[in-house]
There are 4 protein chains.
Amino acid sequence: MYSFTNDYSEGAHPRILKAMMETNLAQNAGYSLDCHTSHAVSLIRKEIDDPHADIHMITGGTQTNLIVISAALRPYQAVIAPATGHINVHETGAIEATGHKVLAVDTRDGKLTPALIQQALDFHTDEHMVQPKMVYISNSTEVGTQYSKAELEALSRICRLKNLYLFMDGARMGSALTSPINDLTLADIARLTDIFYIGGTKNGALFGEALVIRREELKPDFRFMIKQRGAMLAKGWLLGIQFEELFQNNLFYEMASHANAMAGKLRAALTGMGYSFAYDSHTNQLFPVFSNDLIEKLAKNFTFNMDKKIDETHSSIRLVTSWATAEEGVDELIRFLEDNSR
Amino acid sequence: MYSFTNDYSEGAHPRILKAMMETNLAQNAGYSLDCHTSHAVSLIRKEIDDPHADIHMITGGTQTNLIVISAALRPYQAVIAPATGHINVHETGAIEATGHKVLAVDTRDGKLTPALIQQALDFHTDEHMVQPKMVYISNSTEVGTQYSKAELEALSRICRLKNLYLFMDGARMGSALTSPINDLTLADIARLTDIFYIGGTKNGALFGEALVIRREELKPDFRFMIKQRGAMLAKGWLLGIQFEELFQNNLFYEMASHANAMAGKLRAALTGMGYSFAYDSHTNQLFPVFSNDLIEKLAKNFTFNMDKKIDETHSSIRLVTSWATAEEGVDELIRFLEDNSR
Amino acid sequence: MYSFTNDYSEGAHPRILKAMMETNLAQNAGYSLDCHTSHAVSLIRKEIDDPHADIHMITGGTQTNLIVISAALRPYQAVIAPATGHINVHETGAIEATGHKVLAVDTRDGKLTPALIQQALDFHTDEHMVQPKMVYISNSTEVGTQYSKAELEALSRICRLKNLYLFMDGARMGSALTSPINDLTLADIARLTDIFYIGGTKNGALFGEALVIRREELKPDFRFMIKQRGAMLAKGWLLGIQFEELFQNNLFYEMASHANAMAGKLRAALTGMGYSFAYDSHTNQLFPVFSNDLIEKLAKNFTFNMDKKIDETHSSIRLVTSWATAEEGVDELIRFLEDNSR
Amino acid sequence: MYSFTNDYSEGAHPRILKAMMETNLAQNAGYSLDCHTSHAVSLIRKEIDDPHADIHMITGGTQTNLIVISAALRPYQAVIAPATGHINVHETGAIEATGHKVLAVDTRDGKLTPALIQQALDFHTDEHMVQPKMVYISNSTEVGTQYSKAELEALSRICRLKNLYLFMDGARMGSALTSPINDLTLADIARLTDIFYIGGTKNGALFGEALVIRREELKPDFRFMIKQRGAMLAKGWLLGIQFEELFQNNLFYEMASHANAMAGKLRAALTGMGYSFAYDSHTNQLFPVFSNDLIEKLAKNFTFNMDKKIDETHSSIRLVTSWATAEEGVDELIRFLEDNSR
């Protein structure tokens, strides 16, 4: 059965594996102190147009989130996040396990706004309550939506005004940046946030997130934090090699574009068949609303995740495409829906 | 200015202070291993009709909450609480600081129901999310409401069925149990919950909460938890002496009854003047809705806390009575409102 | 049986209780925002000769230690302490429970030296190890010894040079400052440390430690830390009243002097009888070495704690005097030893 | 310069990379719920002769250690470890960051004994101290030594008698099991411990440790713990594939044997030249004692780590061989030493 369950069902782009093969027997310094990592860092610094950014490569997203948040906050400080945010729902309380409250904010579309942030600030008035100090957003979000440049500028503005750190989870950064409605660059994101990461795991690497620290006060001793959380990979050059490949010859963008193109084709077909979506997404995640009967049939032929109940007879599901999604898989799904609709 | 800010603005009932004076120079074993504490424990065991309950006395409520929750849960487990619950709002993230997520549930009246608990359980399906394992309720609640016997039985039933610990914060237990609409006894509460505490701080003690552990698996090594969190009072007999007085000669109930009587008088007068309340409370906390103009005048003559904005021109405030509230203070407030209304 | 078990076996000095009685029914602001606390703060500021120190009153020592250390350190930082230090042995892992390693250093007499600190610094070289950032000392120490001005100046010097916070646990500060061999004042201690506290619990208060923060960077938001750890007493003025009494009319020093005088009498008598001591202490804790036979007899007539095994037939015990120790109790113990020695 | 710095300076055995290549484009279930992982699990279960063991694959050793310890212990419980243990020295306080004290025990050779464990138990008497509940050992140890069957049986016996969990860090398990003086099998280790892991990172995998849980009470909900600590790899089959290769066709033992053979050759040559060793190791780590002059020359031609100062003119260094160490590298080092000795 073809899988639309997630964007990490396959290994890595062949160019990445090839680079690993070629360097396999060379001796490297451990713990990311090797030359591949430093080369990857310089490629990313160029891409974000900041020669002074601190950049660390970490195996996975939950790990990165918990390290960043526990490094940045004092014990009584909290992070504001959309209720749908990965840190609030899908990390088994990883942030709380480091001692910090996630202030979950209900949103319409998985995105925070200055007004929502202001509300959270207004509610927290004194030392009997946590102190909000960081804003967590994802781009693209957990429900496939994304921030425009104007929206991110507005968030950046309120965060600077209120002295909040703005942290962007970029596990699906590639898909956001290559979306047809995107108007942001990595350099914009670097300029507008304090700390963010560029996801490799969900965009064709075996694993790896490149964390970019822009704010000076968040830089010191960061490697202590990585090590303490068990996230300092012994053979750290494996991360370096992957990000070298991702940011050479445009591979990072190419792979994300393919994922988006596959989702776009699916989206157009579904729209054509008259289906609606739980969220208006232009990235590699789609949330179509189907009848429960159709979903049952679909599940016998494809794999995917349920999203949520819409009404008594309808639900939304999540369909995810990736750098490796075969166009035949998409076509097969479209045919199946055409055959089984109405 | 007379204060209706809270129920811990005065010291302790004179009988409590007298008992402290009389025993002041006697040598006692430290850390609650003294005879006053063991006598107080036996008085409470009798009151709750359980000779086998483990009972520990702890200085304050936040401390008790964080010890109980961190003792009961494994690292990935979470506690379900009303969004208005003390642990969710007013403890500066004390629970999260022990590593656990508070699953905040929106309620109408500060009270959980089986349906709300079931919803939280349904949402948490696998190891990518925290595992709900405890239910936290307050009686009376932070908004002055309280549980009936039928409601508590229903909560107890679902918790046992789903293997959740039911934990009752009884910081204002006295006010709940002596409320005119109450139909619960301490023995009922002991029977229906797994762990709960009886508040002294807000009911005429200098400080102190008596924690009652009923569930066998929560009993072992509890004193280690108390000590580790810095909550094992060196001169622990001070807690023992206070609870001896509270549970001799009915003092605990007498003091709470007075607080409720004062609130009842105020409530009747306000209702008579046509005021409404943000929450329908019959305990020692009232949340009347006033015009912002009236609130401004009131604040020049009495002290109290704001509750919340009701509309552009109205807000609710919180008025709290205590064991020590002078009837003259209440009368003065009523007169002031009569003079300044409409 | 007369108890030499500890210095917190009795209640409080009568002047303290009297002050509590007299103010019992006055309404006070909660959470240490009252006038007694601010008066006590100004008395202590005068005593330490620093009008800008931040001063917070906290119920007990373990609580104070865990709040200070978790407030001061970033997650990967550690505190250097003597192996005998209270935080290393007798707090049930309270410091580790806040996430920080205690770097225990073996000492001869419970005291740290610049050389011992330098050794700990030399061992910790990179991000694979914790980063030492604070030095914890007690005065008087857990084994009854104390720091001279020259010793404290030397510690202060290395801490400033190496950018380490110097934190003094003063649970038994009174006994240290009134010891016959002492040459330090509270003002010296304030000048030479970054943060320290003045113990009330072990010197005639019902409970309470006055924490003095001198270093600017440790001051911000400290009340959030106190609240989060459950240490913000609702009726905080109880702490204020006690420290008002302690630092009016010399009561703090008077009580400690009495405890030292009683220990001094005992020490002289024991020395006269030819006994040796496990530690050379001139404070209110003595550690005489007795034969195990004698200890057995002694334990039938007095209560005290064992210290440690000296050889197959001898052990040291701990004898503690307090502000309330009756001279008759001391005389009785001396007589008993005279009657039972050799 | 040839590197003897560690055993993770090269990538992975070519058979492992080849297996990754061959399966690269297949769609797999995420989070270790794939068929490669379940195959690897059954291979290991067979190897340890326990069809019921729970087996989880985790990226690295520090991560595994912190997950195991925080999953097994209640908040006030502690783990006994050799002072040289990885968790005590080289994990930046990772264990303390989960809230638990490491009770470090000085040893002669990096190994615990029943007597040392008993001493730690005797010291911890009540709730004012942490409660020892787990014993942590490494095999081979951080100083290259290893446990004999008799030694491990003795440790196992005292742990079962005292109800302590016995946890073996097997980051260098391969080298221990293929050492010429070894008399243990993986099945023995499974039988004698409660939980242990088999290291891949330091024995020819790209990364990965296979954690084996034998004790029933440690099994439930373990995947929640892995996820919460950010250690659940999205493309978990990468771990599965590696352990499939390691435990097919003897690769795990073959690679470790090579590392040991290279160290053995070096050890024989050094002994022949009259050098002594700081620790008597028969695994892939050697700690020869050299003059500081010789070390300085050596450092210009090879890379390695310093161990410790022996006297004013001598130090020990650490030389590590691996599955990939070239015999030519070893020969070159021997020649260099022959040329430069005395």
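1. As for the overall build of chain A
Okay, so step 1: Within chain A, the regular secondary structure consists of 14 helices and 13 strands.
Okay, so step 2: With the C-alpha coordinates of chain A rotated into their principal frame, the extents come out at 60 × 55 × 35 Å.
Okay, so step 3: Split into buried and exposed, the 342 residues of chain A put 57% on the buried side.
Okay, so step 4: Sequence-distant contacts in chain A: of pairs separated by 6 or more residues, those separated by 24 or more amount to 74%.

2. Topic: the domain arrangement of chain A
Residue and element names in this part refer to chain A.
Okay, so step 1: For chain A, the assigned domains read domain 1 (2–7 + 251–340) and domain 2 (14–246).
Okay, so step 2: Here the C-alpha centroids of domain 1 and domain 2 sit 27 Å apart.
Okay, so step 3: In this complex, domain 1 contributes 20 residues to the contact, which on the side of domain 2 involves 22 residues.
Okay, so step 4: When contributions to the side of domain 1 that touches domain 2 are tallied by element, the ones reaching two or more residues are α12 (251–272) and β9 (285–286).
Okay, so step 5: The greatest single-element share of the side of domain 1 that touches domain 2, amounting to 9 residues, is contributed by α12.

3. A word on the nonpolar core
Okay, so step 1: Core analysis: the largest hydrophobic core is formed by 409 residues, its most contacted members being Val135(A), Val135(B), Val135(C) and Val135(D).
Okay, so step 2: The residues contacting Val135(B), other than those within four sequence positions of it, are Ile80(B), Leu112(B), Ile117(B), Leu155(B), Cys159(B), Leu164(B), Leu166(B) and Phe167(B).

4. Points about the relation of the copies chain D and chain A
Okay, so step 1: Mapping chain D onto chain A is achieved by rotating through 180 degrees and translating by 0.0 Å along the same axis, at an RMSD of 0.0 Å. With respect to symmetry, the two chain copies, as superposed, fit the operation of a two-fold axis.
Okay, so step 2: Residue by residue, 100% of the interface of chain D is reproduced at the interface of chain A, so both copies engage with the same surface.

5. Structural notes on the pairing of strand β6 (residues 165–169) of chain D
All names here are of chain D.
Okay, so step 1: Of all 5 residues making up β6, 5 are buried, and the element is well covered by its neighbours.
Okay, so step 2: Relative to β6, strand β5 (residues 131–138) runs parallel, the two sharing 5 bridges. Pairing of Ile137 across the sheet is with Met168, part of β6.
Okay, so step 3: Following the chain from β5 across helix α7 (residues 149–161) to the adjacent parallel β6, one finds a crossover that is right-handed.

6. Regarding the interface of chain C and chain B
Okay, so step 1: Residue-level contacts link 39 residues of chain C with 39 residues of chain B.
Okay, so step 2: Broken down by secondary-structure element, the contributors of at least two residues to the side of chain C that touches chain B are α1 (14–22), α3 (61–72), α5 (94–97) and α10 (222–228) of chain C.
Okay, so step 3: Residues that form the side of chain C that touches chain B fall into these classes: 17 nonpolar, 18 polar and 4 charged.

7. Here's the deal with the pairing of strand β3 (residues 77–82) of chain D
Residue and element names in this part refer to chain D.
Okay, so step 1: When you tally the buried positions in β3, you get 6 out of 6 residues, the bulk of the element.
Okay, so step 2: Side chains of β3 alternate between two faces, with Gln77, Val79 and Ala81 and Ala78, Ile80 and Pro82 buried alike.
Okay, so step 3: Two elements, β3 and β5, share 4 bridges in a ladder whose sense is parallel. Paired with Gln77 across the strands is Gln131, a residue of β5.

8. Side note on the sheet that holds strand β7 (residues 195–199) of chain A
Residues and elements named next belong to chain A.
Okay, so step 1: Strand order across the open sheet formed by 7 strands is β2-β8-β7-β6-β5-β3-β4, with mixed pairing between neighbours. In the strand order of this sheet, the two ends are held by β2 (54–58) and β4 (102–105), each with one partner. Here the strands of the sheet are splayed against their neighbours by 25 degrees on average, with no regard to which way each runs.
Okay, so step 2: Looking at chain direction, strand β6 (residues 165–169) and β7 are connected through 2 bridges and run parallel. From the neighbouring strand, Met168 faces β7, where its bridge partner is Phe196.

9. Overview of the sheet that holds strand β5 (residues 131–138) of chain C
Residues and elements named next belong to chain C.
Okay, so step 1: Sheet architecture is open: 7 strands sit in the order β2-β8-β7-β6-β5-β3-β4, paired in mixed fashion. The open sheet is flanked by β2 (54–58) and β4 (102–105), the only strands paired with a single partner. Neighbour to neighbour, the strand axes of the sheet diverge by 25 degrees on average, direction disregarded.
Okay, so step 2: In this structure, strand β3 (residues 77–82) lies alongside β4, joined through 4 bridges in parallel fashion.

10. Details of unusual backbone geometry
Okay, so step 1: Cis peptide bonds are those with omega within 30 degrees of zero, and the linkage from Asn139(A) to Ser140(A) qualifies with -5 degrees.
Okay, so step 2: With respect to the helices and strands, Ser140(A) occurs in the loop between β5 (131–138) and α7 (149–161).
Okay, so step 3: Of note in this structure, Asn250(A) is not a glycine but carries a positive phi near 70 degrees.
Okay, so step 4: Within the secondary structure layout, Asn250(A) lies in the loop between α11 (237–246) and α12.
Okay, so step 5: Residue Asn250(A) is classed as exposed on the basis of its 10 C-beta neighbours within 10 Å.
Okay, so step 6: One non-glycine residue, Asp49(B), lies in positive phi territory at about 60 degrees.
Okay, so step 7: You can see Asp49(B) is positioned in the loop between α2 (35–48) and β2 (54–58).

About the criteria used
Residues numbered from 1 in each chain as written. Chains lettered and ligands numbered in written order. Predicted model: local features only at pLDDT ≥ 70, side-chain atom pairs only at ≥ 80, totals over all residues. Helix = DSSP H or I, 4+ residues; strand = E, 2+ residues; numbered from the N terminus. Buried ≥ 20, exposed ≤ 12 C-beta atoms within 10 Å, placed from the backbone. Contact = placed C-beta atoms within 7 Å. Domains from an automatic or database assignment. Core = buried A, V, L, I, M, F, W, Y, C linked by C-beta atoms within 7 Å. Least-squares fit on C-alpha atoms with pLDDT ≥ 70 in both. Pairing = 2+ DSSP bridges. Right-handed = clockwise from strand over helix to strand, strands pointing away. Nonpolar A, V, L, I, M, F, W, Y, C, P; charged D, E, K, R; others polar. Axes fitted to C-alpha atoms, helices over the stretch in contact; angles between N-to-C directions.

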